Amino acid sequence: AVVSTQSTGTSSRPGFEMSFKLAVLVAITAVLTVQTSQAASETYVHWYRITYSIWDDRHARTRNPQYVTIKGTRGETDEQLCDANFNVIAQDVSCVFRSHLNIGDYTCLTLRTGGSDGLDLIKVKVQIDDRIAHTIVPRGNAAYIGLDDGETKKFCVNDVQYRITYSIWDDWNARTRNPQYVTIKGTHGETDEQLCDANFNVIAQDVSCVFWSPVDIGDYSCLSLRTGGSDGLDLIRVKVQIDDREVHTIVPRGNAEYIGLDNGQTKEFCVNDVQYEITYSIWDDWNARTRNPQYVTIKGTNGETDEQLCDANFNVIAQDVSCVFWSPVDIGDYSCLSLRTGGSDGIDLVMVKVQIDDREAHRIAEYIGLDDGQTKEFCLQTTATVQPTSSASSEPGVVTKMIDIKEETGTPSKSTTSATETPEAEFTIIFITDNTPVTDVTDSGLNTGEACEHSGIPLLINCGEDMINIIHAAYGVYSNDNTCGRSFDGYCISDTSLQVMQEKCNGKSYCSVQAVNSIFGDPCFGVVKYLTSTWECIDPEDVPDERTDIFTDGPTEEAGDDPTEEVTYNSTEEVTIAISPTEEVTDDPTEEVTDDPTEEVTDDPTEEVTDDPTEEDTDDPTKEDT
């Protein structure tokens, strides 16, 4: 306003006074604002005192500069140079500074040394505004806190202490000079990998590694060990403690004598690991063995394990070789096993068994050949179908029955299906055996089963309260596409197959027969054979007196099959039944009932029995089996 008045050459006293007062008011407001800001800032000024207690060793002192940073819940100070003399021993040295930064509640102290001449401390005390916030002492069994070669160390009030105790094997080669590293994993996260500051160049001793971490890992889950060189370390036990509470003890797995770490190897051990055991039954042929590595993968409904190297000796024959490993992967329900050989020298197996936590989950009883880096996968199967090949009547009283049996033995479940008669209908019954020789079916239909030589697993037949009637049996090899043995260019069947099965099983409710040469003879030497059989389960009360021959070693009376019924059996395990009833049976009370000897009497939908003396005898040993 003054400048404006002077420039125009006019004089206005009232206007000048008003402008002057306004200027003074602005100046006073500015001064008050500065003072208020300074006062507010002064309320956030904190004094920090760091007191170093230097060890009483002449090498504990240093001429190098020392730096410090204070951290809190809302921030941290700038790194501060400690203006003090650290070239003393057995004395307390204090470093004081102030900061306007509001760091919130104190959490951590970070120390850094500025050179290669180390500093050794027996205690560090942190004070904020003359209030002790943290006292730090040597951790574990250490005599001092050491800082050297520009090192930085962080100490937090909520640090968790981890102690890993290695029990070294009592073998001279178990020790090592190589560095060892450790990582602790939990449900929320994991620590940084830590170098274990300990001497592992001893045998038959416990060596402890202690470190602290502010990381919240949640609940402990796994320990990861890594060796830093090619000189292996062998351990008989590893113990993990968190804040002096033991959370995990790790011992050699399976039949191993020790836990080995070599060539920069990393191994992880988890508290919820699942144990998998794969048992290989090697064939009794000299060429069945191998020196090549074998690999395995376990698959389930939720995922699969990593491929595992089987640490076992496969250079044997006619023996079981087990491979055991652990995995933290949740695969869900077991579904498949994948096998891979690592070289061109093949391996021949007669059975493979999968166990999960000592519970059998899968048994593959068949010949398995692996060669030239080959991979084969074996999965659980549950397959059985009944297909009407012509439309069946849906008249009242026509019943179609399906039975689904799921066993609790850890072996694959099996489904077996049967159908009752329907007028003028033809059914194809297909049995798919999922490589499992155990059969547990109680139904008045045709059933089939199989057992493999060298598997040690018998063919089991269980008719419950009914009686077994063996219809067909064959021990040997009669198909190039068999499930138990190598492809065989020929046909070899034991002549005693049917007779032996009938002698061992007919008339019983349960029987067990091994697929071995000592029972059936050896129809073809050097070939892996198998036993197949087809049978029916018959209610003893429904068996007429004249049909008792089916439960004896030979026929006592003539018995035959209706020529209108055709039953075929072949290596594909398909049974076709064409049923053409010659007489319909009803509950009509007006129907005449006679004792006509030509009338058919049927006990089972799959078999008709007549007393016609003119009918052809199908038990004639010269008649060809179909």
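Residues numbered from 1 in each chain as written. Predicted model: local features only at pLDDT ≥ 70, side-chain atom pairs only at ≥ 80, totals over all residues. Heavy atoms only, no water.

**Brief notes about helix α3 (residues 497–505)**
Then, in step 1: Of all the residues in α3, the buried ones are Ser497, Val500, Met501 and Cys505. Here the buried residues of α3 occupy an arc of 105° about the axis, which is enough to place them on one side.
Then, in step 2: Residues of α3 that are buried make contact with β33 (459–462), β34 (467–477), β35 (492–493), β36 (510–513), α4 (517–520) and β37 (530–538).
Then, in step 3: Gly507 occupies a position one or two residues after α3 and carries a positive phi of about 85°. (Buried < 20%, exposed > 50% of the residue type's maximum accessible area, 1.4 Å probe, protein only. Helix = DSSP H or I, 4+ residues; strand = E, 2+ residues; numbered from the N terminus. Arc of directions from axis to C-beta. Contact = heavy atoms within 4.5 Å.)

**Observations concerning a nonpolar patch on the surface**
Then, in step 1: A cluster of nonpolar side chains, contributed by Phe16, Phe20, Val24 and Ile28, occupies part of the molecular surface with about 350 Å² of accessible area.
Then, in step 2: One can find Val24 in helix α2 (residues 13–42).
Then, in step 3: Using a relative accessible area of 34% as the deciding quantity, one classes Val24 as partly exposed. (Patch = residues over 30% accessible without salt bridge, like charges linked within 9 Å, V, L, I, M, F, W, Y side chains within 5 Å. Areas by Shrake-Rupley, 256 points an atom, 1.4 Å probe, with all protein chains shown as cover. Salt bridge = Lys/Arg side-chain N within 4 Å of Asp/Glu carboxyl O.)

**Remarks on the sheet that holds strand β2 (residues 66–72)**
Then, in step 1: Judged by pairing direction, the sheet is antiparallel, and its 4 strands sit side by side in the order β3-β2-β5-β9 without closing on themselves. The two strands at the open ends of the sheet, each matched to only one other strand, are β3 (80–81) and β9 (152–156).
Then, in step 2: Two elements, β2 and β3, share 2 bridges in a ladder whose sense is antiparallel. If you follow Val68 over to β3, its bridge partner there is Gln80. (Pairing = 2+ DSSP bridges.)

**Some thoughts on the confidence of the model for the protein**
Then, in step 1: For the protein, per-residue confidence averages 76 on the pLDDT scale, and residues scoring 70 or more make up 69% of the total.
Then, in step 2: Within the model, the stretch residues 1–11 combines pLDDT values under 50 with 5 contacts to residues more than four positions away or in other chains.
Then, in step 3: A low-confidence stretch, residues 382–444 (pLDDT under 50), is modelled with 151 contacts involving residues beyond four sequence positions or located in other chains. (pLDDT = per-residue confidence, 0-100.)

**Quick notes on a negative patch on the surface**
Then, in step 1: On the surface, Asp117, Asp148, Asp149 and Glu151 cluster together to form a negatively charged patch.
Then, in step 2: Here Asp149 shows up in the loop between β8 (145–147) and β9.
Then, in step 3: In this structure Asp149 comes out as exposed when scored by relative accessible area, which is 58%. (Lys, Arg positive; Asp, Glu negative; His and termini not counted. Charge placed at Lys NZ, Arg CZ, Asp CG, Glu CD.)

**Overview of the environment of Glu360**
Then, in step 1: With respect to the helices and strands, the residue Glu360 is situated in strand β25 (residues 359–364).
Then, in step 2: Under the relative-accessibility criterion, Glu360 is labelled buried at 16%.
Then, in step 3: Residues Glu360 and Tyr276, spaced 84 residues apart in sequence, show a C-alpha to C-alpha distance of 9.9 Å.

**Describing the state of the cysteines**
Then, in step 1: Enumeration according to the criterion identifies 9 disulfides in this entry.
Then, in step 2: Each sulfur in the disulfide pair Cys463 and Cys537 lies 1.9 Å from the other. Its S-S torsion of about -70° marks the bond between Cys463 and Cys537 as left-handed, since a negative value means left-handed. Linking Cys463 in the loop between β33 and β34 with Cys537 in strand β37, this pair joins segments that are 74 residues apart in sequence. (Disulfide = S-S within 2.5 Å.)

**Looking at unusual backbone geometry**
Then, in step 1: Unusually for a residue other than glycine, Asp243 sits at a positive phi of about 50°.
Then, in step 2: Owing to a relative accessible area of 46%, Asp243 belongs among the partly exposed residues under this scheme.
Then, in step 3: Of note in this structure, Asp358 is not a glycine but carries a positive phi near 65°.
Then, in step 4: Note on placement: Asp358 falls in the loop between β24 (347–356) and β25.

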